[in-house]
Amino acid sequence: MPKLIIPSLLLLIVSCSGSKEKPLLPEKVSPDVYKVLLENEDVKVLEVTFEPGQSDNMHDHYPSTVYILQGGKAQVTLPDGTVNEIEPPTGFIGHNTEKARHQVKNIGDNTINIILVERKNTHTVTEIEEKLILPEEVSPDVYQVIFENDDVKVLKVTFAPGQGDNMHEHGVITYYGIKGGKLQNTLADGTVKEMEVPDGFVGHGNTIVKHQMENVGDDTVRVIIVEHKKLMPIKE
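**Some details on the overall build of the protein chain**
Looking only at helices and strands, one finds three helices and 18 strands in the protein chain. Across the 236 residues of the protein chain, 47% fall into the buried class. Here the analysis covers contacts within the protein chain between residues at least 6 apart in sequence; of these, 76% occur between residues at least 24 apart. Summed over its atoms, the accessible surface of the protein chain is roughly 11,700 Å², and 49% of this surface lies on carbon and sulfur atoms.

Structure below.
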């Protein structure tokens, strides 16, 4: 999966404006392009769809993680009038640590689809008392770290039919299901629950969770998890 290997590409996608004006929320100024899938006091998840030739209006983003579901060719206009062309590929992943303002137009021949995970708050983060059981360490065949910096860690999760992981833990996470299916969730206390999750399922967890998952269906399940390093988990 393509990662952030060209810094200028991400800077053009989520260019910082440094503005302290009232934010121009993309879902308000361009509701035909931006759809809010989930929002709470800490995060907002946006589904972004640009048809060929379609443009949005000038808008702002909180610090955000970008995942390109379907890439394409776009024109990005900054507040100072600077115009750049970019061509982010399918699977591109990146993160901007600052707020951003820009306007985007799809100048290619195909629809561009993007998932944006925005962090609305920043907590004073202290060390977690006990080291977590990291999923990518205990189940590297299922969990792959595809991006990491001081703000976030992004995991690509793939469960083939019948495949399970080992017991592990998550901190504060936001997740998006690229491909759904039937999963069995086993908690640390032995509680077992089966669930059918659709394509495009989205969720957020703000507590430390210890569990084990298994794909009990017939289809491969694929998920993107964004772990927020600057959001503290709530103690239950």
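**Observations regarding the sheet that holds strand β15 (residues 192–197)**
In spatial order, the strands read β12-β17-β14-β15; together these four strands make up an open sheet with antiparallel pairing. Of all strands in the sheet, those bounded by a partner on one side alone are β12 (168–170) and β15. Going from strand to strand, the sheet's axes swing by 40° on average, the running direction of each strand aside. Note that β12 and strand β17 (residues 209–215) share three bridges and pair antiparallel. Its bridge partner lying in β17, His168 is registered against His211.

**Describing the environment of Ser30**
Relative to the helices and strands, Ser30 is located in the loop between α2 (26–29) and β1 (34–39). Sequence-wise, Ser30 and Asp56 are 26 residues apart; in three dimensions their C-alpha atoms are separated by 5.6 Å. Within the structure, Ser30 has its side chain in polar contact with the backbone nitrogen of Asn57 (distance 2.8 Å).

Scoring rules and cut-offs
- Residues numbered from 1 in each chain as written.
- Predicted model: local features only at pLDDT ≥ 70, side-chain atom pairs only at ≥ 80, totals over all residues.
- Heavy atoms only, no water.
- Helix = DSSP H or I, 4+ residues; strand = E, 2+ residues; numbered from the N terminus.
- Buried < 20%, exposed > 50% of the residue type's maximum accessible area, 1.4 Å probe, protein only.
- Contact = heavy atoms within 4.5 Å.
- Areas by Shrake-Rupley, 256 points an atom, 1.4 Å probe, with all protein chains shown as cover.
- Pairing = 2+ DSSP bridges.
- Axes fitted to C-alpha atoms, helices over the stretch in contact; angles between N-to-C directions.
- Polar contact = N/O pair within 3.5 Å; in protein donor to acceptor, adjacent residues only side chain to side chain.

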